[in-house]
Amino acid sequence: MRIYATLYLVLMSPVIGLGQDAFFLDSLFAIDFSQVSDVQQKLNQSDIKRLKSDWGIEAGLRISNNNLDEIDAGLTSRVFLRSNLFANGLYSNGKDIEILQHEMRLDSLQGHEKAISNNYGIYYNYIIQEYNRLKIETSDSILVAAKELQYYLRQLYYNKYIDYAELIDINSTIRQYQELRKTHTTFNELSQTLATQKYLPALPIEQSWQVDFDGLFETLEGDSTINEVVLLQQEVLDYQYDKENAPKLSLSLGYDLGRKRPFYGVSFSHRIRTNKKSHLEAKKEKVENDGRLYRLQQKKEILNLQYEYEYKEKQIMALNAKLLKVQEENRKFLVKKDLLSLNEGKRERMNAMQYFQIQYEIVDLRQQQMLLLLQVKKTMRCIMIGPFLRPTNHSNYDRKFAGNRFLPLDPMHTPNPADQHFLIQNEIQIIHPSQVFEIENAQIIRPEEFGNRQEMEAYILTIIESEGIENIILYDLEQLKLLELKTLNQSHFDLSLLTEK
């Protein structure tokens, strides 16, 4: 099949409705491939278990020559059992347990930074890999179209119909997309060696998303996670303060082997400090200020991401408008070609290549948008962003004709690629003849009854507005094509119609 016929089939394909919802990134961040959080949690639980079993009790043997009046060269041996009750003992261990438990709660609230960093890199590469697949397919289509155009232009150049500059441009285009394809393929081959790829959720690469950034800001403003984090961090400071300022109290009990009698000992000390509380309050104030700055930084990052995301959305809308222009130009050419038996030419081949080039740029911008959404999720990792994403369909932005349009067609008759393209450009849906009776609020329109397309569209708009008609049934495709040709060949257009109400 020639490339422009392939183009028509692509245009005929409906928008893909993926079974993936807007919670893709939320489900993605539920996976911890680095296992940093899991390993750290196990380590903390092990430390807590160790501290709970440590009662601050130690046993030992002490040999000393302090007693010089003894007959055994002044040496004395003591077996003892000592218990530390506060600092470096039972009290300190309890505070360490509280600190570890708070750190685990902090990780569950805000995530483990090292785990987030490692997983973010995996997800980033995964997004690039998935969009690269679509880029490779689009690059293949561009190269097929470009090589066909290259052959056509070469024959024109050999016959002295064109300058060689046109061949230089198409040769450059082929080399560029060959290099891009090679880059995407190499990246994907290396990415697929990662064992984690098969566990990642499906990525909706065919879908665009409209983001409710106002809702995200409002949710971020009402999110209490950072307040909980600040409170926990301040409680950790309290535990550290209590631990550092705990007195030292130890009780010893033992047996002196030299004197053959038991002994006991009590030791107590407390470190004398000034301004202890003021230093603690200063630390707490810093934690509170860091929390405020973190919330402010979150807002600034989301604001910058919103700006970038919406700017890329503007670029996608402009590219979709270019696609429509290419399709419209091709539609007019195909109608004339089909009715006047014209040969295909350079313009048609160029349109086919330009169509896929624009598609490539759209895919690239969607990839960048998805990476921005990944960064939004990283910045707001404690908030589900799925409820703030809504699928968009750019093809609905530029409806050309009023009403829903249908063409009853025998399933035994398959439209040729040119007719398929014509139907798409005229927003006409093929239905089985038996379905005609199932369509409500319908009106049959016969194109041969009108002098040009403007008359027919004006009539359709009138019955839609006055009679509430929603569906238009067109029975004769050939008559509609003839009406198009008649409209294209009309000698003049009454500009006074533009001022009529």
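The structure displayed is predicted, hence computed values, not measured ones.

Considerations on helix α10 (residues 346-379)
Here α10 contains 34 residues, and its C-alpha end-to-end distance of 50 Å stays within 8% of the 50 Å for a straight helix at 1.5 Å per residue. Burial runs high along α10: 25 of the 34 residues are buried.

Considering the nonpolar core
Ranked by size, the top nonpolar core spans 35 residues in total, and within it L25, L203, L216, M370 and L373 carry the most contacts. When contributions to this core are tallied by element, the ones reaching two or more residues are α2 (24-28), α5 (113-158), β3 (208-211), α7 (213-222), α9 (276-340) and α10. With 8 residues, the single largest contributor to this core is α5. In this structure L25 touches M370, L373, L374, K377 and I385, once residues within four positions along its chain are discounted. Core analysis: the second largest hydrophobic core is formed by 23 residues, I142, A146, I316 and L323 among them.

Remarks on the packing of helix α6 (residues 165-191) against α10
The N-to-C vectors of α6 and α10 enclose an angle of 30 degrees; their axes lie 13 Å apart at closest approach. Between α6 and α10, the interaxial angle falls into the category roughly parallel. Crossing handedness for the pair α6 and α10: left-handed. The segment α6 lies against α10, with E166, I170, T173, Y177, L180 and H184 engaging K346, M353, Q357, Y360 and E361. When the residues that make up the contact of α6 with α10 are grouped by side-chain class, the tally is 5 nonpolar, 3 polar and 3 charged.

Examining the packing of aromatic side chains
Within the structure shown, the criterion is met by 7 aromatic pairs. Seen in terms of ring centroids, Y177 and Y360 are 5.5 Å apart; in terms of plane orientation they differ by 90 degrees. Their pairing is edge-to-face. Of the two residues, Y177 sits in helix α6 while Y360 sits in helix α10, which places them 183 residues apart along the sequence. Among the residues examined, Y177 registers a relative accessible area of 7% and is labelled buried. Geometrically, the ring pair formed by Y355 and F356 is edge-to-face, given 5.3 Å between the ring centres and 85 degrees between the ring planes. The same class applies to Y355 and to F356, which are both buried. Put simply, the rings of Y157, Y158 and Y164 touch in pairs and so form one group of aromatic residues. Above the ring of Y120, the side-chain terminus of K378 is found at 4.3 Å from the ring centroid.

A closer look at a nonpolar patch on the surface
Taken together, L251, L253, Y264 and V266 make up a surface patch of nonpolar side chains, about 470 Å² in accessible area. Broken down by secondary-structure element, the contributors of at least two residues to the nonpolar patch are β4 (248-256) and β5 (261-269). Structurally, L253 can be placed in strand β4. Judged by its relative accessible area of 54%, L253 is exposed.

Quick notes on the pattern of salt bridges
The final tally for this structure, using the stated rule, is 13 salt bridges. With a shortest N-O distance of 2.8 Å, E457 and R453 are connected by a salt bridge. In this pair, E457 and R453 are both assigned in helix α12 (residues 453-467), 4 residues apart and thus about one turn of the helix distant. In terms of burial, E457 and R453 fall into one category: buried. For E484, the salt bridge goes to R453, with nearest N and O atoms at 2.7 Å.

Observations concerning the sheet that holds strand β7 (residues 404-408)
Read across the open sheet, the 4 strands follow the order β8-β7-β10-β9; overall the sheet is parallel. In this open sheet, the two strands that pair with only one neighbour each are β8 (428-431) and β9 (442-445). Pairs of neighbouring strands in the sheet enclose a mean axial angle of 35 degrees, with direction left out of account. Bridge count between β7 and β8: 4 bridges; the pairing is parallel. Within β8, the residue paired with R405 across the bridge is I428. Packing against the sheet, α12 makes contact with β7, β9 and β10 (471-474), and its axis sits at approximately 160 degrees to β9.

Here is what the cut-offs are and how they apply
Residues numbered from 1 in each chain as written. Predicted model: local features only at pLDDT ≥ 70, side-chain atom pairs only at ≥ 80, totals over all residues. Heavy atoms only, no water. Helix = DSSP H or I, 4+ residues; strand = E, 2+ residues; numbered from the N terminus. Expected span 1.5 Å × (residues − 1). Buried < 20%, exposed > 50% of the residue type's maximum accessible area, 1.4 Å probe, protein only. Core = buried A, V, L, I, M, F, W, Y, C linked by side-chain atoms within 4.5 Å. Contact = heavy atoms within 4.5 Å. Axes fitted to C-alpha atoms, helices over the stretch in contact; angles between N-to-C directions. Parallel < 35°, antiparallel > 145°, perpendicular 65-115°, else oblique. Left-handed = near helix turned anticlockwise from the far one by under 90°. Nonpolar A, V, L, I, M, F, W, Y, C, P; charged D, E, K, R; others polar. Phe/Tyr/Trp six-rings, centres within 6.5 Å; stacked < 30°, edge-to-face > 60°. Lys NZ or Arg CZ within 6 Å of the ring centre and 35° of its normal. Patch = residues over 30% accessible without salt bridge, like charges linked within 9 Å, V, L, I, M, F, W, Y side chains within 5 Å. Areas by Shrake-Rupley, 256 points an atom, 1.4 Å probe, with all protein chains shown as cover. Salt bridge = Lys/Arg side-chain N within 4 Å of Asp/Glu carboxyl O. Pairing = 2+ DSSP bridges.

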